[in-house]
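Structural features, examined
Spelled out, the chains give:
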Amino acid sequence: MKILVLNSGSSSIKYKLIDMDTRRPLSSGLVERIGQKEGCITHKFLRETGMEKHVETCEIPNHTAGLRRVAELLTDPQVGVIADPSEIRAVGHRMVHGGEYITDTCLITPEVEKRIQELYPLAPLHNPPTYEGYKVAREVFPHARQVAVFDTAFHQTMPPKAYMFGVPYEYYEKYSIRRYGFHGTSHRFVSGRYGQLHGSVEGTKIITCHLGNGSSISAIKDGKVVDTSMGFTPLDGFIMGTRSGGIDPSVVTYIMNKEGLTPDQMSDLMNKKSGFLGLSGVSSDCRDLWAAAKEGNERAKLTLEIVSYQIKKFIGSYAAAMGGVDAVIFTGGIGENDSSMRALVCEDMEFLGMKLDAERNNVREEAKISADDSKVEIWVIPTNEELLIARDTMEIVSKL
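Computed from a predicted model, the values in this text were never measured in an experiment. (Residues numbered from 1 in each chain as written. Predicted model: local features only at pLDDT ≥ 70, side-chain atom pairs only at ≥ 80, totals over all residues. Heavy atoms only, no water.)

**So, the nonpolar core**
Convention followed: As used in this record, nonpolar core signifies buried Ala, Val, Leu, Ile, Met, Phe, Trp, Tyr and Cys residues forming a set joined through side-chain atoms within 4.5 Å. Partly exposed describes any residue whose relative accessible area lies between the buried limit of under 20% and the exposed limit of over 50%, with all areas from a 1.4 Å probe on protein chains only and scaled to the type maximum. Here a helix means four or more residues in a row that DSSP labels H or I, a strand means two or more in a row labelled E, and each is numbered from the N terminus. Contacts were defined at the residue level, with two residues in contact if any of their heavy atoms lie within 4.5 Å.
In terms of nonpolar packing, the biggest core is built from 36 residues, with Ile207, Ile315 and Val328 touching the most fellow members. Those elements giving two or more residues to this core turn out to be β9 (205–210), β10 (216–221), α10 (286–294), α11 (298–322), β12 (327–331), α13 (339–346) and β14 (377–380). Residue contributions to this core peak at 9 residues, all from α11. Excluding residues within four positions of it along the chain, Ile207 makes contact with Ile217, Ser218, Ile315, Tyr318, Ala319, Met322, Val325, Ala327, Val328 and Ile329. Among the nonpolar cores identified, the runner-up in size contains 28 residues, and Phe154, Tyr163, Leu387 and Ile396 belong to it.

**Thoughts on the side chain of Arg342**
Put simply, the rule is: Under the convention used here, Asp and Glu are negative, Lys and Arg are positive, and both His and the chain ends fall outside the count. Think of a salt bridge as a Lys or Arg side-chain nitrogen and an Asp or Glu carboxyl oxygen that are within 4 Å of each other. Pairs of N or O atoms are called polar contacts if they sit within 3.5 Å, as long as, within protein, a hydrogen donor faces a hydrogen acceptor (for residues adjacent in sequence, only side-chain-to-side-chain pairs).
Its location among the elements puts Arg342 in helix α13. One buried charged side chain, Arg342, makes no salt bridge at all; its nearest oppositely charged neighbour is Asp338, positioned 7.0 Å away. Within polar-contact distance, the side chain of Arg342 engages the backbone oxygen of Glu336 at 3.1 Å. Beyond its immediate sequence surroundings of up to four residues, Arg342 is in contact with Phe330, Gly335, Glu336, Asn337, Leu356, Asn361, Val363, Ile369 and Val380.

**Re helix α14 (residues 385–398)**
Stated formally: Between the first and last residue of a helix there are one fewer steps than residues, each counted as 1.5 Å, and that sum is the expected span.
Under the 1.5 Å per step criterion, the end-to-end length of α14 is 20 Å for 14 residues, consistent within 8% with the ideal 20 Å. Listed in full, the buried residues belonging to α14 are Glu385, Leu387, Leu388, Ile389, Ala390, Asp392, Thr393, Ile396 and Val397.

**Notes on the sheet that holds strand β2 (residues 13–19)**
Cut-off, in case you're wondering: Two strands pair under a simple rule: DSSP has to find at least two bridges between them.
With respect to topology, 8 strands assemble into an open sheet ordered β5-β4-β3-β2-β1-β6-β8-β7, the strand pairing being mixed. The open sheet is flanked by β5 (50–58) and β7 (106–107), the only strands paired with a single partner. Strand direction decides the pairing type here: strand β1 (residues 2–8) and strand β6 (residues 88–95), joined by 5 bridges, are parallel. Bridge pairing in β6 places Leu4 opposite Val91.

**Focus: unusual backbone geometry**
A negative phi angle is the norm for most residues apart from glycine, just as the trans form is the norm for most peptide bonds. At Arg23, a residue that is not glycine, the phi angle is positive and equals roughly 65 degrees. Along the chain, the position of Arg23 falls in the loop between β2 and β3 (24–32). Look at Arg33: it is not a glycine, yet its phi comes out positive at around 55 degrees. Relative to the elements of secondary structure, Arg33 occurs in the loop between β3 and β4 (39–47). With a relative accessible area of 34%, Arg33 lands in the partly exposed category.

**Here we look at the packing of aromatic side chains**
Filter applied, for reference: Two aromatic rings, drawn from Phe, Tyr or Trp (for Trp, its six-membered ring), form a pair once their centres lie within 6.5 Å of each other, and the interplanar angle then sorts them: stacked below 30 degrees, edge-to-face above 60, tilted otherwise. By the criterion adopted, a ring carries a charge over it if an Arg CZ or a Lys NZ lies within 6 Å of its centre and within 35 degrees of its normal.
This structure, assessed with the given rule, holds 9 aromatic pairs. Note on Tyr120 and Tyr131: the rings are 6.5 Å apart at their centroids and 65 degrees apart in plane angle, and the pair reads as edge-to-face. Residue Tyr120 is located in the loop between α2 (110–118) and α3 (127–140), and its partner Tyr131 is located in helix α3; the two are separated by 11 residues in the primary sequence. A residue is classified by how much of its surface remains accessible, and Tyr131, at 6% relative accessible area, is buried. Geometrically, the ring pair formed by Tyr194 and Trp379 is edge-to-face, given 6.4 Å between the ring centres and 85 degrees between the ring planes. In this pair, Tyr194 is assigned in helix α6 (residues 184–198) and Trp379 in strand β14, connecting sequence segments 185 residues apart. Taken individually, Tyr194 and Trp379 each receive the classification buried, so the pair is uniform in this respect. A connected cluster of aromatic rings, assembled from ring pairs, spans Tyr120, Tyr131 and Tyr134. Lying across the ring of Tyr101, Arg115 places its NZ or CZ 4.1 Å from the centre. Looking at Arg178, its charged tip hangs above the ring of Tyr163, at a distance of 3.7 Å from the centre.

**Points about the packing of α10 against α11**
Definition in use: Fitted lines through C-alpha atoms give the axes, limited to the stretch in contact for helices. The angle between two N-to-C directions lies from 0 to 180 degrees. Roughly parallel refers to an angle under 35 degrees, roughly antiparallel to one over 145, roughly perpendicular to one between 65 and 115, and oblique to any angle outside these ranges. Handedness of a crossing follows from how the near helix is turned relative to the far one, being left-handed for an anticlockwise turn of less than a right angle and right-handed for a clockwise one. Amino acids are sorted into nonpolar (Ala, Val, Leu, Ile, Met, Phe, Trp, Tyr, Cys and Pro), charged (Asp, Glu, Lys and Arg) and polar (every other residue, Gly among them).
Where α10 meets α11, the closest approach of the two axes is 8 Å, and the angle between their N-to-C directions is 130 degrees. By the criterion of interaxial angle, the relationship of α10 to α11 is oblique. Taken as a pair, α10 and α11 cross one another with a handedness that is left-handed. Here Cys286, Leu289, Trp290, Ala292 and Ala293 of α10 lie close against α11, whose contacting residues are Ala300, Lys301, Thr303 and Leu304. Of the residues contributing to the contact of α10 with α11, the split by class is 7 nonpolar, 1 polar and 1 charged.

**A few points about the pattern of salt bridges**
Applying the stated criterion to the full structure yields 21 salt bridges. Its salt-bridge partner being Glu377, residue Lys368 comes within 3.9 Å of it at the nearest N-O pair. Of the residues examined, Glu377 reaches a relative accessible area of 18% and is grouped as buried. Three or more residues joined by partner-sharing salt bridges are found here, namely Glu56, Arg69 and Glu72.

Here it is in structure tokens:
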């Protein structure tokens, strides 16, 4: 069975075609700068010698044009991997927000469509483009079943004491204001992988750290989330590439009053101009911060210290919430590739039973990086959200 996984953004489409019989990706790619003067498509395709790459620039006025071009590339005699779009049995869509209504992967029905649209106010940057991507995929791949996998679904096992906020209860009843959590597919994949390595997730207490431009940490007990750092939106938690993370709410109103900002302008400031970028004044990319810190940039150094400090606090608090911890897992772009950040986070954590092995930490692949005498296992487990989405999609479609 061939399944296409789509992740549609406001101006981009990420895709991966997976042969589920072999679990091998046949093709993957990125459609960028949709709606701009000159769009770009990076298309990778499998050949006997491995993955090859085709890059092209062309006008991509909208998502429909972009996805139609993807369908053409997938069937192209030179760079394609299938003979006809009908070979794609199903399309799995990464959907960000399912609210309290949708707690698992599901076939996209008119009722699901309605729910996704109702949740636009809770995820204005994510749900609208992913829904548009679904509508386009329905037209371009009419023979395929359309399935939605929600970022929020894995976190629905949180108890009320973890997801409720200290505002009047009526706002939860009227507007569904609560903690939802995000990056659910990544947290589910890496915690599940840990369970495979150990035979089961039953009886385990795991803290998964998805660190990237957007970051979140989850406490997972017996395979179920009991708490997570992102909240009502992906802005909550700790500092990220351009996001502020959790701050005193009074800071928001204070800046708005002082600067004369509207709610939308303040949201833009916290989501797109804060975090690594706002603190350091250098970049939203952690690699640039390390380079600047080595050259003596004090603000870059401070930013790295802040993020590692905040991650430490989440690990400690989640160990307390679960009554202990068996393993801490690093994943995501930073979590998988930045050994220096992992070292900073694990520094002085031996009181909690965490002891890093410096030599083992020098990896960018799946590996146990804790010392032999560490009471808590420390792992690097690369995430594979696309494969998880494809698995979920196949499970749904196989039952039809």
